[in-house]
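# Residue-level structure breakdown
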Amino acid sequence: MDPDPVVVVGGGIVGASVARHLSETDVPVTLYERDALGGGTTADSVAMFVRKGAALAERPETAYRLRSRSWETYGPLVEEGVLEFSPIGALYPAEGESRLDWLRGVADTLEGFGVRAEILESAELEQFGLVTDEFAGALSVPDDGYLDPGGIVQHFAGEARDAGAHVETGSAVTDVFLEDGRVTGVEVDGERVPAGGVVNAAGPWAPAVDAMAGVSLPLRHNVGPILVLDHESDAPVPFVEFENGQYLRGEGRRQVFAGRYGAGYEEAERIDLEAARAVDEGFRLALGDLFERYLPDLVDAGVANEWVGVRTLTPDGRPFVGETSVEGYYAATGMNGLGVTLAPAVGEHLASVVAGRGSDAEFREHLSPSRLR
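A brief look at the structure comes next. This one's a predicted model, so the numbers in the text were calculated from it and none came from an experiment. (Residues numbered from 1 in each chain as written. Predicted model: local features only at pLDDT ≥ 70, side-chain atom pairs only at ≥ 80, totals over all residues. Heavy atoms only, no water.)

## Some remarks on the pairing of strand β17 (residues 255-260)
Moving residue by residue along a regular strand, the side chains alternate between the two faces of the sheet. Of the pairings in the sheet, the one linking strand β14 (residues 220-230) to β17 comprises five bridges and is antiparallel in character. Within β17, the residue paired with Val228 across the bridge is Phe257. Pairing analysis gives six bridges linking strand β16 (residues 246-251) to β17, with the strands arranged antiparallel. What sits directly across from Arg249, in β17, is Phe257. (Pairing = 2+ DSSP bridges. Helix = DSSP H or I, 4+ residues; strand = E, 2+ residues; numbered from the N terminus.)

Below you can see the structure in the form of structure tokens.
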């Protein structure tokens, strides 16, 4: 008799990565997505692959290794033309010398990892349309850029299918069944389906799925407004992260995404995901002020599209990936806005945990859902 499949809940970029990597083992896998693959938070992402955060982590070497493992998946696919990647670079302007000195330390850490990172003088920021008098300089990470998250999800799901996985869309997991403290099945659209395990990769809906299994992880939400703007500036727009938590990301030659990170974990809470969300007027006004002060070429940019995304946060900024207190129930949650950057590494690691294939001990400790007990 064939073993019951491991069920992956969620068809975003993390769930698709988990299914793809599990399908390379001898573990049967079925992925259920309640809507369409790559919808939800994956579709709302600005899709940056960024390295700076590794230098700020509690364990920088481990955080960078995770990013490096992800790029070992993405890089060859980009070179082969399977995935799209736009290396627009990342820029972190400093308004004062103390901030610039701190960024110099970040640059040193990144260079120690082999990442190209350099400190630009204020005059060099003119090439990006920035008002140079407002900044002491900036950290530049020129090899960062953005990917196509929808293309990644379709590729991972396709590879999983080709390896024998089942991928079902329009199918909602509405309950998780346990016997003697172990996962035995799930309910999908009212029907009981046997399961040898469950992977929660449901993004913002992860707390609701956890509750089905009697698992409680300290996940919270924040919201991030996005405006897509048409502009006439000839200056290239990299990913630009300002000190106040606002950011920009160029899209082609004549568009820019403008966003805000939102509340940190302490101020965040769980929100009603079914409630309507709209870009608030305060964000629009703050963005106008930012353009007037720092990027006057974008003052007259027009809104082409807008939405509000949801991020899932953990107390220490590291995802929960691995076994939980319920046997056969695994977490792949709390990406803290880094789903695109970390998805391949998360999928690979969790697949090794589920399949019992000698997972990376450093990753296991770093990502373990039980680490905060």
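## Section: unusual backbone geometry
Positioned with a positive phi, Ala47 is a non-glycine residue whose angle comes to about 65 degrees. By secondary structure assignment, the location of Ala47 is in the loop between α2 (40-44) and β3 (48-49). When its relative accessible area of 2% is taken as the criterion, Ala47 is described as buried. Phi is positive for Asp180, which is not a glycine, with a value near 55 degrees. For Asp180, the position within the fold is in the loop between β10 (173-179) and β11 (182-188). What makes Asp180 exposed here is its relative accessible area of 85%. (Buried < 20%, exposed > 50% of the residue type's maximum accessible area, 1.4 Å probe, protein only.)

## Focus: the environment of Phe283
Checked against the element boundaries, Phe283 lands in helix α8 (residues 281-294). Classification of Phe283 by relative accessible area gives buried; the value is 0%. Distance from Phe283 to Ile226, taken between C-alpha atoms, is 9.3 Å for residues 57 residues apart in sequence. Discounting chain neighbours no more than four positions away, the residues touching Phe283 are Pro225, Leu227, Gln246, Ala258, Gly259 and Arg260. (Contact = heavy atoms within 4.5 Å.)

## Here's the deal with the packing of helix α1 (residues 13-22) against helix α6 (residues 149-162)
Two quantities define a packed helix pair, namely the angle between the axes and the distance from one axis to the other. One way to put it is that α1 packs onto α6 with a least axis distance of 8 Å and a crossing angle of 25 degrees. Looking at the two axes, α1 sits roughly parallel to α6. Here α1 runs over α6; the crossing is left-handed. Counted together, Ile13, Ala16, Ser17, Ala19 and Arg20 of α1 and Ile152, Val153, Phe156, Ala157, Glu159 and Ala160 of α6 form the full contact between these two elements. For the contact of α1 with α6, the per-class residue count stands at eight nonpolar, one polar and two charged. (Axes fitted to C-alpha atoms, helices over the stretch in contact; angles between N-to-C directions. Parallel < 35°, antiparallel > 145°, perpendicular 65-115°, else oblique. Left-handed = near helix turned anticlockwise from the far one by under 90°. Nonpolar A, V, L, I, M, F, W, Y, C, P; charged D, E, K, R; others polar.)

## Looking at the packing of aromatic side chains
Under the criterion given, the structure shown has eleven aromatic pairs. Ring centres 6.5 Å apart and planes at 75 degrees place the aromatic pair Tyr92 and Phe239 in the edge-to-face group. Pair noted here: Tyr92 is in strand β5 (residues 90-94) and Phe239 is in strand β15 (residues 239-241), with a separation of 147 residues, a long-range link. By relative accessible area, which is 4% here, Tyr92 ends up buried. Ring geometry for Phe257 against Trp307: centres 5.9 Å apart, planes inclined by 85 degrees, an arrangement best described as edge-to-face. A residue pair is termed long-range when its members are at least 10 positions apart, and Phe257 in strand β17 and Trp307 in strand β18 (residues 302-313) qualify at 50 residues. Using a relative accessible area of 11% as the deciding quantity, one classes Phe257 as buried. A network of ring pairs unites the aromatic residues Phe49, Trp71, Tyr74 and Phe85 as a single cluster. When the ring centre of Trp71 is taken as origin, the NZ or CZ atom of Arg51, which lies over that ring, is 5.6 Å away. (Phe/Tyr/Trp six-rings, centres within 6.5 Å; stacked < 30°, edge-to-face > 60°. Lys NZ or Arg CZ within 6 Å of the ring centre and 35° of its normal.)

## Some points on helix α5 (residues 97-112)
Here α5 spans 23 Å end to end across 16 residues, near enough to the 22 Å set by a 1.5 Å rise per residue. All buried positions along α5 are accounted for by Leu100, Leu103, Val106, Ala107 and Leu110. For α5, the angular spread of buried residues about the axis comes to 110 degrees, placing them on one side. In α5, the exposed positions angled more than 90 degrees off the buried face are occupied by Ser98, Asp108 and Gly112. Looking at the buried positions of α5, the neighbouring elements they touch are α3 (52-56), β5, β6 (118-121) and β7 (137-141). Looking one or two residues beyond α5, the residue adopting positive phi is Gly114, at roughly 90 degrees. (Expected span 1.5 Å × (residues − 1). Arc of directions from axis to C-beta.)

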